[in-house]
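Here's the letter readout for the chains.
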Amino acid sequence: MIVNSILETIGRTPLLRLPLRGGEVDLYLKLEMFNPTGSMKDRMALSMVNSLPLTPNEIAAVIVESSSGNTASALAMISAVRRFEFTALMDSHASLDKILTVRAFGSDVRVVGNSDGSLATDERDEEAKRIASEDGAHWTEQHNNPANADGYIELAAELLEDLGPTITHFVSAIGTGGSLCGTARQLRSHIPRLQVIGVEPAGSVIFGGPGGCYHQSGTGTPEGANVGVVIDYDVIDGGRKVSDDKAFSMCHYLARHHGLLVGGSSGGAIYEAVSMAQDAPVGSRIVTLACDSGAKYLDTIFSHDWLSAHDINIIDVEAKFADLFHG
């Protein structure tokens, strides 16, 4: 496979099949860490950049975005190829690897908010809005940009090409809503009875309930922050909340039993997908997105010292779902 640009390697990611209940139910993981910056956000970032209202005389676009890391990494990579100027507004909730990745691509990172590891979504957004207004930068505004969801049309097409209309459940993490809603909308046009489930961290407020602290990165909406218009509740059949303990425990299980490193939001979605498989009808095909690589979180969710410092307990996932894994 010969390509003329790294951007041509976005998409066409593999599916990993995990049979459950002795093969009665199949779980398929879309391995989005095979995108060039290691996450599915490469898809939506390229879609947003391609939709920018650039003027004919605009030789080098100036872009700004508020991000917890993966979108920023993707925009930085694309900006390097397109020779754009990009500034990422991030907070200390983002992993150091993501901040360093953006800088490695030659883009600027401004860290806002407190240094205690807490989310500062509103502060990031306000700073992005200010830079766009005062400096004339293009704010891609991922939470309210239709091009975000449009970036996953091809992902849905890949799933349909591989599995056809046999998919019964689509379960995925929800943050901006682009990947869940954009993919689900396309899938449902071919599979009307598809069950779509969004998974957010316990403490996120997308599906209501009290807000609270959580450490799953790049997913959910913290209390006080706005839920963007990209989230289309009409295509979602239900929402589930998963604790950091359960999400990160699934990450550890997948690493040690399947040689698969995934991030925390993926761990949460896969945990809930496996939970659903307990009562799913025979023959069900459950698809979920492995949003990014766990290699970005080796010093956090895969570090026992970090887990202990944040009072996060790793549970025995294999024992909890023994009937599913060994049935």
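Heads up: the structure comes first, above all this text.
This write-up is about the structure you can find in this document. (Residues numbered from 1 in each chain as written. Predicted model: local features only at pLDDT ≥ 70, side-chain atom pairs only at ≥ 80, totals over all residues. Heavy atoms only, no water.)

## Notes on the state of the cysteines
We count it as follows: Working definition: a disulfide is two cysteine sulfur atoms within 2.5 Å of each other. Categorising residues by exposure relies on relative accessible area from a 1.4 Å probe, with only protein chains included: less than 20% of the type maximum marks a residue as buried, more than 50% marks it as exposed, and the intermediate range marks it as partly exposed.
Inspection of every chain in the model, using the stated rule, returns zero disulfides. Of the cysteine sulfurs around Cys 213, a residue in no disulfide, the closest is that of Cys 251, at 17 Å. Residue class for Cys 213 comes out exposed when judged on its relative accessible area of 65%. Cys 251 forms no disulfide, and the closest cysteine sulfur to it belongs to Cys 291, at a distance of 10 Å. A relative accessible area of 0% places Cys 251 in the buried class.

## Side note on helix H8 (residues 244–258)
Note the following rule: Numbering of helices and strands runs from the N terminus, with a helix taken as a DSSP run of H or I at least four residues long and a strand as a DSSP run of E at least two residues long. Helix span, expected: 1.5 Å multiplied by one less than the number of residues in the helix. Residue contacts are defined here by distance: any two heavy atoms, one from each residue, within 4.5 Å place the two residues in contact.
Spanning 15 residues, H8 covers 20 Å between terminal C-alpha atoms, matching the ideal 21 Å at 1.5 Å per step. Residues of H8 that are buried: Asp 244, Ala 247, Phe 248, Ser 249, Met 250, Cys 251, His 252, Tyr 253 and Leu 254. Residues of H8 that are buried make contact with strand S1 (15–20), strand S9 (238–242), helix H9 (264–277), helix H10 (304–309), helix H11 (317–320) and helix H12 (322–326). The positive-phi residue at the C-terminal boundary of H8 is Gly 259, with phi of around 65°.

## What about the sheet that holds strand S5 (residues 108–111)?
The criterion, for reference: At least two DSSP bridges between two strands are needed for those strands to be called paired.
Strand order in the open sheet made by the four strands is S5-S4-S3-S6, with parallel pairing throughout. Two strands bound the open sheet, and with one partner strand each, they are S5 and strand S6 (138–139). Pairing of strand S4 (residues 85–90) with S5 involves four bridges; the strand directions are parallel. Looking at the pairing, Met 90 lines up with Val 111 of S5.

## Some points on the packing of H8 against H9
Note the following rule: Simply put, an axis is a line fit to the C-alpha atoms, just over the touching stretch for a helix, and the angle between two N-to-C directions goes from 0 to 180 degrees. Roughly parallel refers to an angle under 35 degrees, roughly antiparallel to one over 145, roughly perpendicular to one between 65 and 115, and oblique to any angle outside these ranges. Under this grouping Gly is polar, as are all residues other than the nonpolar Ala, Val, Leu, Ile, Met, Phe, Trp, Tyr, Cys and Pro and the charged Asp, Glu, Lys and Arg.
Here H8 crosses H9 at 90°, and the two axes come no closer than 7 Å. Comparing the axis directions of H8 and H9 gives the class roughly perpendicular. Every residue of H9 that contacts H8 at Lys 246, Ala 247, Phe 248, Met 250, Cys 251 and Leu 254 is listed here: Gly 264, Gly 267, Gly 268, Ile 270, Tyr 271 and Val 274. Across the contact of H8 with H9, the residue classes break down as eight nonpolar, three polar and one charged.

## Re the nonpolar core
In globular proteins that are soluble, nonpolar side chains generally tend to be buried together. This is how the line gets drawn: Here, the term nonpolar core denotes a set of buried Ala, Val, Leu, Ile, Met, Phe, Trp, Tyr and Cys residues that are joined through side-chain atoms within 4.5 Å.
Counting residues in hydrophobic clusters, the biggest one holds 90 residues, and the most contacted among them are Leu 27, Phe 170 and Met 250. When residues of this core are assigned to their parent elements, the largest contribution, seven residues, is made by H9. When residues no more than four places from it in sequence are discounted, the contact partners of Met 250 are Gly 267, Ile 270, Tyr 271, Val 274, Val 317 and Phe 321.

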